[in-house]
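Residue-level structural notes
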Amino acid sequence: MQRRAPSFRLPVMAQDVLLALFITVMQVQGIDRVAGESVSRPLTDLGYLGYALPIVSGLVIAVRRRWPVPVFVTTALASLVYYGFDFPDAPTWLGLFVALYTLTAYGDGRRSLVTAGVGIGVLTVAWLVFAADIEPRAAIGWVFFRIGASVMSAALGESVRSRRFIAAEAQERAERAEHTREEEARSRVDAERLRIAREVHDTVAHAIAIINVQAGVTAHVLDKRPEQAREALIAIEQTSSQALREMRAILGVLRDANDGRVPHPGLGQIDELTAKARDAGLDINLEAMPPAVPLPSAVGSAAYRVLQESITNVIRHVGPTRVTVALDYGIDVLEVRVSDEGRRGAPAGGPSDYRPRAQHPTSNGTGRSAEPGRGILGMRERCQLLGGELTARSLPGGGFEVKARLPLAPTGTAHL
């Protein structure tokens, strides 16, 4: 591999000093060349003022970037005085042109243009007045050259400034876009983590609740009714296998290089869900008709998870009871309702009803408010991400009800 030779570049101040020396030499040599041919005022008059003015207007270029306006004013005054005292018409305007270019190239746009325009206007009037009696008349062409070159110098500087400004803006937009892309990527990662956390919670909580019930049944009937214990163990095996398959489906996206995802559970699996609940001791009454049109996958998945979490809560906190699951397909909304009758044998509204303190923001009778748990909060977040809503409340006659309303045209951006 060839190595590139390190580039050498003078500091900016050194560049300007060399430029100032070059302009000074060029201006002094120019006036020396025309001094012997001109009938104008000798350069040595007034204390060698004819030499001093071109030298001053050349040397000030060394600080043109630091003080562009004072440098322009100095070179303009030097030009006015030089031609006002009728010194020979020589190229003493090089410093002025560089100062004009610097003023607009390193200025702030509008104000620097106004300053340059006013300065050129004053110089134009003065040059034309001083050249009123110039001889020979053909020499007046140099006056118009100075005017045109001044305008071109200012225009060139403004062009450079504009291009530099556009390039800086483009760089800023690129950096802002890169920052925005990074934020969007982090947001997508956070959303995916939240989705996986919800799915893992719903899958594991449901499976563990059923396994816990079946394990209790097995321990109770193992000696007396071994056949029923065998059925409970088979149910535990099936539930755990199904939970493992769902876990692999949820977490498989983390290992899949092609980002291939298996379909998430939907309402098409509601019969399997209610069958497991019946095996866990619930008396499930399913009130649902097939939808008139296919549901969006996000809505179907959210509805399934609401049903799964609600049934899991009944299994964990209430035990065997009667549960009503209703799906009402409207024109533009799906309503999901899960209600239970409370623990059997408990008085209506008594403390044994399904009122898990960690999941319902209601008074617990001691003057303290119970905070909502992750189960109902997770269901509510799912619904809100789709533009829907969820309510959870104790029923007056005992039991508990969870009701979700999901629009069939989701307005959120959920990753369900």
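First, a word on what this report is: a plain description of the structure on this page. Everything quoted here is computed from the prediction, not taken from an experiment. (Residues numbered from 1 in each chain as written. Predicted model: local features only at pLDDT ≥ 70, side-chain atom pairs only at ≥ 80, totals over all residues. Heavy atoms only, no water.)

The number of helices and strands found in the protein chain is 10 helices and 5 strands. Taking as baseline every contact in the protein chain between residues at least 6 positions apart, the subset at least 24 positions apart corresponds to 69%. When the accessible surface of the protein chain is split by element, carbon and sulfur atoms take 59% of a total near 23,600 Å². (Helix = DSSP H or I, 4+ residues; strand = E, 2+ residues; numbered from the N terminus. Contact = heavy atoms within 4.5 Å. Areas by Shrake-Rupley, 256 points an atom, 1.4 Å probe, with all protein chains shown as cover.)

Judged by side-chain polarity, Leu10, Met13, Val17, Leu18, Leu21, Ile55 and Leu59 come together as a nonpolar surface patch covering roughly 570 Å² of accessible area. At the level of secondary structure, the elements contributing two or more residues to the nonpolar patch comprise helix H1 (12–35) and helix H2 (45–59). Among the structural elements, Val17 can be located in helix H1. For Val17, a relative accessible area of 33% corresponds to the partly exposed category. (Patch = residues over 30% accessible without salt bridge, like charges linked within 9 Å, V, L, I, M, F, W, Y side chains within 5 Å. Salt bridge = Lys/Arg side-chain N within 4 Å of Asp/Glu carboxyl O. Buried < 20%, exposed > 50% of the residue type's maximum accessible area, 1.4 Å probe, protein only.)

Inspection of every chain in the model, using the stated rule, returns 13 salt bridges. Across the pair Arg65 and Asp16 runs a salt bridge, and its minimum N-O distance is 2.9 Å. Of this pair, Arg65 sits in the loop between H2 and helix H3 (68–84) while Asp16 sits in helix H1; the two residues are 49 residues apart in sequence, bridging distant segments of the chain. With a shortest N-O distance of 3.8 Å, Arg322 and Glu341 are connected by a salt bridge.

Attention shifts here to the nonpolar core. In this structure, Ile61, Phe72, Tyr82, Leu96, Leu123 and Trp127 are the most contacted members of the largest nonpolar core, which totals 36 residues. Secondary-structure elements contributing two or more residues to this core are H1, H2, H3, helix H4 (94–105), helix H5 (110–130) and helix H6 (141–221). In this structure Leu96 touches Phe72, Thr75, Ala76, Ser79, Leu123, Trp127 and Ser150, once residues within four positions along its chain are discounted. By size, the runner-up hydrophobic cluster in this structure holds 35 residues, among which are Ala209, Leu307, Val323 and Cys383. (Core = buried A, V, L, I, M, F, W, Y, C linked by side-chain atoms within 4.5 Å.)

Our next topic: the environment of Pro294. Position of Pro294 relative to the elements: it lies in the loop between strand S1 (283–288) and helix H9 (297–317). Of the residues examined, Pro294 reaches a relative accessible area of 77% and is grouped as exposed.

This part is about the packing of aromatic side chains. The tally for this structure, following the rule as stated, stands at 8 aromatic pairs. Judged by centre distance (5.2 Å) and plane angle (80 degrees), the ring pair of Tyr82 and Tyr83 falls under edge-to-face. Here the aromatic rings of Trp142 and Phe145 are separated by 5.6 Å at their centres, their planes lie at 85 degrees, and the arrangement is edge-to-face. Taken as a pair, Trp142 and Phe145 lie in helix H6 at a separation of 3 residues, close to a single helical turn. Of the aromatic side chains, those joined through ring pairs into one cluster are Trp93, Phe97, Trp142 and Phe145. If you follow Arg146 out to its NZ or CZ, it ends over the ring of Trp127, 5.0 Å from the centre. Arg164 extends its terminal NZ or CZ atom over the ring of Tyr106, reaching a point 5.0 Å from the ring centre. (Phe/Tyr/Trp six-rings, centres within 6.5 Å; stacked < 30°, edge-to-face > 60°. Lys NZ or Arg CZ within 6 Å of the ring centre and 35° of its normal.)

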